[in-house]
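# Results of the structural survey
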Amino acid sequence: MKIDVRDLSYSIGPARIIDSVSMHITDGECAAIVGPNGSGKTTLLRLMLSIVKASNGTIEFDGQSVGAYNSKELSQLRSSVPQSTTINSGLTVLNIIELAQLKQTLLWSNAESKKEKALKDQAIQEAISITGVGGLLDRQIDSLSGGEKQKVLIARAIAQNTPIILLDEPTNHLDPSARIEILEIIRALKKTRVVVLHDLDLALSYADRVFVMSDGQIPLSGRPEEVFQMEEFQRIFSIRTKLVQSPFKEGSNNLITGKLVV
Amino acid sequence: MAIALGSVWIPPSQVLSVLANEIFGAHFPSSSTNVEIIWSLRAPRVFAAALVGAMLALAGTALQGLVRNPLADPYIIGVSSGASVGAAAVMVLGSSALAGLSVSGAAFAGAISCIILAYFFAQKSGHFTDSRIILGGVAISYVAMAITSYLELTANPGELKGLLFWTMGSVAGVSWSSLLLPVIVLLIGGFWLISRGSVLNALALGDDDAISLGVNVKRIRLGLLVSSAALTALAVCVAGGVGFVGLIIPHACRMIIGHDNRKVLPLSGLFGAIFLVFVDLIARTLWSPNEFPLTIFTAAIGGPFFIWLMTREKSMQP
């Protein structure tokens, strides 16, 4: 499912957090949003999730404005992987993954057919096996490590069975091997993915396209290996960058960053 | 069993006979004194205790989920303080001063006005926030407490004792007819809440997450507030300010079966009912034929029980 953001703005009081942003993400693409702290990445994601309402402009899923969907319909179109540090409750891993099918589990919705129920269970089972969290189901979410929590949240998003999945810094606070593991899972998903990423090298390896945010705008976008070498990119991040041939993988690059010399 | 016990012991078989006669129209032999004690005095109060316990525990669970604060209890939105003003006004000034309202009628009016005020103050740009509803409720509670204190100062000792008894809760002297509305509200509100267990789970993860899972957060928050306010207001009308149940029973349930609200909601309703029937039994038998107000025992029994649960939970987790 494609995502079209047109001339999107969002203000809090006089402050313009998102300033006339437009972006077009094609079906099945993995798009990374990168940018310095406070540039508006998370706010853009919250706008796409309809958590906050835009002051101006539109977001469309497959040509239909998100404002035209109700909350149930939206939950069948896009799922979210929030930052794992925000998840604190005594719920178990299974409780949390089951929330993916929330709208269908009201008490009197017994009218659903056995087939639907089986399909839902299947979505949950599949998500559990993709992310490998089967051994954690009875654990309390608070007792898990950062990487495990992140996998649970990804499992939940997968179980929601939506064509679009939006992820907010899924590799934050994770050790190097967990980062790679998480991004491998995300890469294998056959969905339209929008990932806010801090780690530029990971964006280079895993994103089809990057959108660079700066002061609420998106001045640069394109293939990561091109964008990351642009002068403007280096100015936005206040760093020097250099692409080098990966010592581990033929034909792929790593990003070396250094202090900007003026 | 709770009906059998009291200042006069009536054998359980007699109790069952009388109940069967009254409810199902059976014709078991029974003495008229027993019928009077059981059907007119004890059965309604045991039923009322169960009802109030279930209402407060359910409302407490819902409000703790709504404001995401483990210290929330049904009275946090100002319900009991508002009800106290109403009750105190009738007891001290006389019901003629309040357009002939009864104590419970005035308590209900006081409770409802406080909830509406708290909700109104909690609004910020069209929706209310967790902290504002607590702060609004607390502020209104203090104003209401000030009015109640003033009324207490002007009261004579007899009125004061009655008022104290009322603010600490009692189901003495309830009649069947006064329980009809609370039963209806418990059935509707309780069913609505219990069916929202999963939604409450989603809310526990935060508003942002709940929205992304498809919850209409604004609507569900209003529903939670209205249903728990209605449950609490009617519970207060029946039994006055029974403390502790709405705060501790939900936590006790979570310690026993975990945090899944699909289980916590029905279980806390059940536990609240059993707990308050038990407490009422002690309140009316310990110093028989005199009575204690309920809050003395909800706290005195509930507190140690809760601490025992806490230590048990600690020892279970390595």
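Residues numbered from 1 in each chain as written. Chains lettered and ligands numbered in written order. Predicted model: local features only at pLDDT ≥ 70, side-chain atom pairs only at ≥ 80, totals over all residues. Heavy atoms only, no water.

### So, the interface of chain A and chain B
Let me state the cut-off plainly: Two residues qualify as a contact provided that any one of their heavy atoms is within 4.5 Å of a heavy atom in the partner residue. Two parts lose some accessible area (1.4 Å probe) when they are put together, and adding that loss for both gives the buried area. Whenever Lys or Arg places a side-chain nitrogen within 4 Å of a carboxyl oxygen from Asp or Glu, that contact is recorded as a salt bridge. N or O atoms within 3.5 Å of each other form a polar contact, as long as, within protein, one can give a hydrogen and the other can take it, and as long as residues adjacent in sequence are counted only when both atoms are side-chain atoms. In this description a helix means any DSSP run of H or I spanning at least four residues, a strand means any run of E spanning at least two, and both kinds are numbered starting from the N terminus. Gly is placed with the polar residues, together with every amino acid not listed as nonpolar (Ala, Val, Leu, Ile, Met, Phe, Trp, Tyr, Cys and Pro) or charged (Asp, Glu, Lys and Arg).
The partner chain B presents 20 residues to the 30 residues of chain A that form the contact. Buried surface at the junction of chain A and chain B, summed over both partners, amounts to about 2100 Å²; 59% is from carbon and sulfur atoms. The interface formed by chain A and chain B includes three salt bridges. Here Asp209 of chain B and Arg156 of chain A are joined by a salt bridge, their closest N and O atoms 2.7 Å apart. Joining chain A to chain B, the criterion identifies seven residue pairs in polar contact (both at pLDDT 80 or more). Of all the secondary structure elements, the ones that give two or more residues to the side of chain A that touches chain B are α2 (71-75), β6 (78-81) and α3 (93-98) of chain A. Residue classes in the side of chain A that touches chain B are distributed as twelve nonpolar, twelve polar and six charged.

### What about the sheet that holds strand β3 (residues 30-34) of chain A?
Residue and element names in this part refer to chain A. The cut-off we apply is this: Strand pairing follows a simple DSSP-based rule, namely that at least 2 bridges must link the two strands. An axis is simply a line fitted to the C-alpha atoms; with a helix, the fit covers only the stretch in contact. Between two such axes, the angle follows the N-to-C directions and lies from 0 to 180 degrees.
The sheet built from six strands is open, its strands ordered β6-β7-β8-β3-β9-β10 with mixed pairing. Sheet topology places β6 and β10 (217-222) at the edges, where each strand pairs with a single neighbour. Shown here is a sheet whose adjacent strand axes are inclined to one another by a mean of 20°, direction ignored. Of the pairings in the sheet, the one linking strand β7 (residues 164-168) to strand β8 (residues 192-196) comprises five bridges and is parallel in character. The residue of β8 that forms the bridge with Asp168 is Val196. Where helix α5 (residues 146-159) meets the sheet, its contacts fall on β6 and β7, and the angle it forms with β6 comes to roughly 175°.

### Details of the environment of Ser40 of chain B
Residue and element names in this part refer to chain B. Our working rule: Three labels apply to residues, based on accessible area from a 1.4 Å probe with only protein chains included: buried if under 20% of the type maximum, exposed if over 50%, partly exposed otherwise in between.
Position of Ser40 relative to the elements: it lies in helix α2 (residues 32-67). Exposure remark for Ser40: the relative accessible area of 34% places this residue in the partly exposed category. For the pair Ser40 and Trp176, spaced 136 residues apart in the sequence, the C-alpha separation amounts to 7.9 Å.

### Looking at the pattern of salt bridges
Residues and elements named next belong to chain A. Applying the stated criterion to the full structure yields 19 salt bridges over all chains. We note a salt bridge from Glu181 to Lys151, for which the minimum N-O separation is 3.0 Å. With a gap of 30 residues between them, Glu181 in helix α6 (residues 176-188) and Lys151 in helix α5 connect regions that are remote in the sequence. For Glu181, a relative accessible area of 39% puts it in the partly exposed group.

### A short note on α5 of chain A
Residue and element names in this part refer to chain A. Applied cut-off: In this scheme, a helix's expected span is set at 1.5 Å multiplied by one less than its residue total.
With 14 residues, α5 ought to run about 20 Å at 1.5 Å a step, and its terminal C-alpha atoms sit 20 Å apart, in line with that. Taking burial as the measure, the 14 residues of α5 include twelve buried ones, the bulk of the element. For α5, every residue scored as buried is listed here: Gly147, Lys149, Gln150, Lys151, Val152, Leu153, Ile154, Ala155, Arg156, Ala157, Ile158 and Ala159. Residue Asn161 follows α5 closely and has a positive phi angle near 60°.

### Considering the sheet that holds strand β1 (residues 3-12) of chain A
Residues and elements named next belong to chain A. The strand order β2-β1-β4-β5 describes an open sheet built from four strands, whose pairing is antiparallel. If you trace the sheet from one side to the other, it starts and ends with β2 (15-25) and β5 (64-65), each paired once. Relative to β2, β1 runs antiparallel, the two sharing seven bridges. Residue pairing for β2: Ser11 is matched across the bridge by Arg16.

### Some remarks on the nonpolar core
As a reminder, the rule being used: Put simply, buried Ala, Val, Leu, Ile, Met, Phe, Trp, Tyr and Cys residues joined by side-chain atoms within 4.5 Å make one nonpolar core.
Counting 168 residues, the largest nonpolar core has Leu44, Met48, Ile97 and Phe228 of chain A as its most contacted members. When residues of this core are assigned to their parent elements, the largest contribution, 19 residues, is made by α2 of chain B. The contact partners of Leu44 of chain A, leaving out residues within four places of it in the chain, are Leu8, Ile18, Val21, Met23, Ile33, Met213 and Ile218 of chain A.

### Examining the confidence of the model for chain B
This is how it is decided: Per-residue confidence from the predictor is reported as pLDDT, a score between 0 and 100.
With 95% of its residues at a pLDDT of 70 or more, chain B has an overall mean of 85. Across the whole predicted complex the pTM is 0.86, and at the interface the ipTM reaches 0.86.

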